Amino acid sequence: MSVDITKSDGPSDAPPPGRAGSAGPAGPEAIKAIPVRHYGRYVSAVVALALLGTIIYAFSQGKINWGAVPDYFFDDRILTGVGQTMLLTVLSMAIGVVGGIVLAVMRLSKNPVMSSIAWSYIWFFRGTPVLVQLMVWFNLGLVFEYINLGPIYKDYWASFMTPFLTALLGLGLNEAAYMAEICRAGLLSVDEGQTEASHALGMSHTKTLRRVVIPQAMRVIVPPTGNEVINMLKTTSLVATVQFYELLRYAQDIGQTSGAPVEMLFLAAAWYLLMTSVLSVGQYYLERHYARGSLRTLPQTPLQRVRANLFSLGRPKGGAA
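What counts, and where the lines are drawn
- Residues numbered from 1 in each chain as written.
- Predicted model: local features only at pLDDT ≥ 70, side-chain atom pairs only at ≥ 80, totals over all residues.
- Heavy atoms only, no water.
- Phe/Tyr/Trp six-rings, centres within 6.5 Å; stacked < 30°, edge-to-face > 60°.
- Helix = DSSP H or I, 4+ residues; strand = E, 2+ residues; numbered from the N terminus.
- Buried < 20%, exposed > 50% of the residue type's maximum accessible area, 1.4 Å probe, protein only.
- Lys NZ or Arg CZ within 6 Å of the ring centre and 35° of its normal.
- Expected span 1.5 Å × (residues − 1).
- Arc of directions from axis to C-beta.
- Contact = heavy atoms within 4.5 Å.
- Polar contact = N/O pair within 3.5 Å; in protein donor to acceptor, adjacent residues only side chain to side chain.
- pLDDT = per-residue confidence, 0-100.
- Salt bridge = Lys/Arg side-chain N within 4 Å of Asp/Glu carboxyl O.
- Patch = residues over 30% accessible without salt bridge, like charges linked within 9 Å, V, L, I, M, F, W, Y side chains within 5 Å.
- Areas by Shrake-Rupley, 256 points an atom, 1.4 Å probe, with all protein chains shown as cover.
- Axes fitted to C-alpha atoms, helices over the stretch in contact; angles between N-to-C directions.
- Parallel < 35°, antiparallel > 145°, perpendicular 65-115°, else oblique.
- Left-handed = near helix turned anticlockwise from the far one by under 90°.
- Nonpolar A, V, L, I, M, F, W, Y, C, P; charged D, E, K, R; others polar.

As for the packing of aromatic side chains
Both the distance between ring centres and the angle between the ring planes are used here to describe each pair of aromatic rings.
Here is step 1: All told, the structure shown has 15 aromatic pairs when counted by the stated rule.
Here is step 2: Ring geometry for Trp66 and Phe266: centres 5.5 Å apart, planes at 10°, overall stacked. One end of the pair, Trp66, is in the loop between α1 (39-61) and α2 (68-72); the other, Phe266, is in helix α11 (residues 261-290), and 200 residues separate them in sequence.
Here is step 3: Judged by relative accessible area, which is 45%, Trp66 ranks as partly exposed.
Here is step 4: Aromatic rings pair up to connect Phe144, Tyr153, Trp157 and Phe160 into one cluster.
Here is step 5: If you follow Lys154 out to its NZ or CZ, it ends over the ring of Tyr146, 6.0 Å from the centre.
Here is step 6: Arg249 extends its terminal NZ or CZ atom over the ring of Tyr245, reaching a point 4.7 Å from the ring centre.

As structure tokens, then:
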């Protein structure tokens, strides 16, 4: 019996249809993608640039002595006001952060008296404008002639409540109410199992807060706190109403004596922008520090991004540098 070995049920040696060198039909034609044109973006960009050009043109036509801004930018009085503004911001935020932590713990306490006191404090200071609070502190001398703390301290109220103390109390106590809610949100963001595990290990409630809860809550607390610092820096301009000399008050005085009141307001705005920009950079690095436990890879710093872009310019396409 003979076997025909020319036929086989296995795969053929001939190339499949569509491959190069075969006589079969060609493969499917590549899809040509046509991007969608977003005409609304072009129109909105043109409108925005037109409005920006209109504003710049309007200010260029105004009677503004732009030369007065650089002339007084580093004036001794302006620099003193910048220093006073930064000092008041730091001290007010210190009072706000410490008071906020205490109020947050009191608010979360199971003691109804402590919780009610904290809630009332937050309700009052968040519900009244900070300018009104500053004016109340400043005018309390009309109600109380003396401040009497017994053997510790006794003096006239007008001598005790200086403009600096008025500004510090008005801003710091008001900020404590907002920081209390920020801290409370951060503490509540930590899982209750962390506290239960710490208590099971024999840690006290205070030690649990200090060693376990607060470090984990910082990731939630830091970003809004950074915003509050920047907001506090701008809010210090309100203390000019209580006779405290800071950046805005010095700029107003220079504007009245130099005959350039609007220009000095522009100068003050430039200094506020400069200081808030520096604080924003600090906030970025602080948030990046506390994000180490939640992100696999930390985002690049601005310096690292610039360095990476510079190095990528010198690399040949398709190869290593």
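Back to the text.
A few points about helix α4 (residues 112-127)
Here is step 1: In this model α4 runs 22 Å from its N-terminal to its C-terminal C-alpha over 16 residues, within 8% of the 22 Å that 1.5 Å per residue would give.
Here is step 2: Buried within α4 we find Ser115, Ala118, Ile122 and Phe125. Around the axis of α4, the buried residues are gathered within 115° of arc, so they sit on the same side. Of the exposed residues in α4, those oriented more than 90 degrees away from the buried face are Pro112, Val113, Trp123 and Gly127.
Here is step 3: For α4, the secondary structure elements touched by its buried residues are α3 (76-107), α5 (130-139) and α7 (163-188).
Here is step 4: By the N-cap criterion, in which a side-chain oxygen at the helix start approaches the backbone nitrogen of a residue two or three places on, α4 is capped by Asn111, the distance to Val113 being 3.0 Å.

What to know about the confidence of the model for the protein chain
Here is step 1: In this model, the protein chain carries an average pLDDT of 83, and 82% of its residues clear a pLDDT of 70 or more.
Here is step 2: Looking over the protein chain, one finds the lowest element-wise mean pLDDT in helix α12 (residues 302-313), namely 65, and the highest in α4, namely 94.
Here is step 3: Scored below 50 in pLDDT, residues 317-321 shows two contacts in the model against residues more than four places distant or in partner chains.

Re the side chain of Ser92
Here is step 1: Locating Ser92 in the fold gives a position in helix α3.
Here is step 2: When its relative accessible area of 0% is taken as the criterion, Ser92 is described as buried.
Here is step 3: Setting aside its immediate chain neighbours within four residues, Ser92 contacts Leu168, Leu171, Gly172 and Met232.

A look at the pattern of salt bridges
Here is step 1: In the structure shown here, the tally under the stated rule is five salt bridges.
Here is step 2: Among the salt bridges present, the one from Glu181 reaches Arg184, with a minimum N-O distance of 2.9 Å. Taken together, the positions of Glu181 and Arg184, both in helix α7 and three residues apart, correspond to about one turn of that helix.
Here is step 3: Its salt-bridge partner being Arg249, residue Asp253 comes within 3.9 Å of it at the nearest N-O pair.

As for unusual backbone geometry
Here is step 1: With a phi close to 70°, Gln243 is a non-glycine residue in the positive phi region.
Here is step 2: If you trace the backbone, Gln243 turns up in the loop between α9 (205-235) and α10 (247-258).
Here is step 3: Taking relative accessible area as the criterion, Gln243 reaches 40% and is therefore assigned partly exposed.

Side note on a nonpolar patch on the surface
Here is step 1: A cluster of nonpolar side chains, Val43, Val47 and Leu51, forms an exposed patch at the surface whose accessible area comes to about 280 Å².
Here is step 2: Positionally, Val43 belongs in helix α1.

Some points on the packing of α5 against α7
Here is step 1: Running from N to C, α5 and α7 cross one another at 140°; their axes reach a closest spacing of 9 Å. Between α5 and α7, the angle is such that the two are oblique. The chirality of how α5 crosses α7 is right-handed. Contacts from Val130, Gln133, Leu134, Trp137 and Phe138 in α5 reach Thr166, Ala167, Leu169, Gly170, Leu171, Leu173 and Asn174 in α7.

With respect to the side chain of Arg249
Here is step 1: With respect to the secondary-structure elements, Arg249 resides in helix α10.
Here is step 2: Once residues within four sequence positions are removed from consideration, Arg249 is found in contact with Ala240, Gln243 and Phe244.

Describing the packing of α3 against α7
Here is step 1: Viewed as axis vectors pointing N to C, α3 and α7 meet at an angle of 45°, and their least axial separation amounts to 5 Å. By the angle between their directions, the pair α3 and α7 is classed as oblique. Like other packed secondary-structure pairs, α3 and α7 cross with a definite hand, here right-handed.
Here is step 2: The class makeup of the residues in the contact of α3 with α7 is 19 nonpolar, five polar and four charged.

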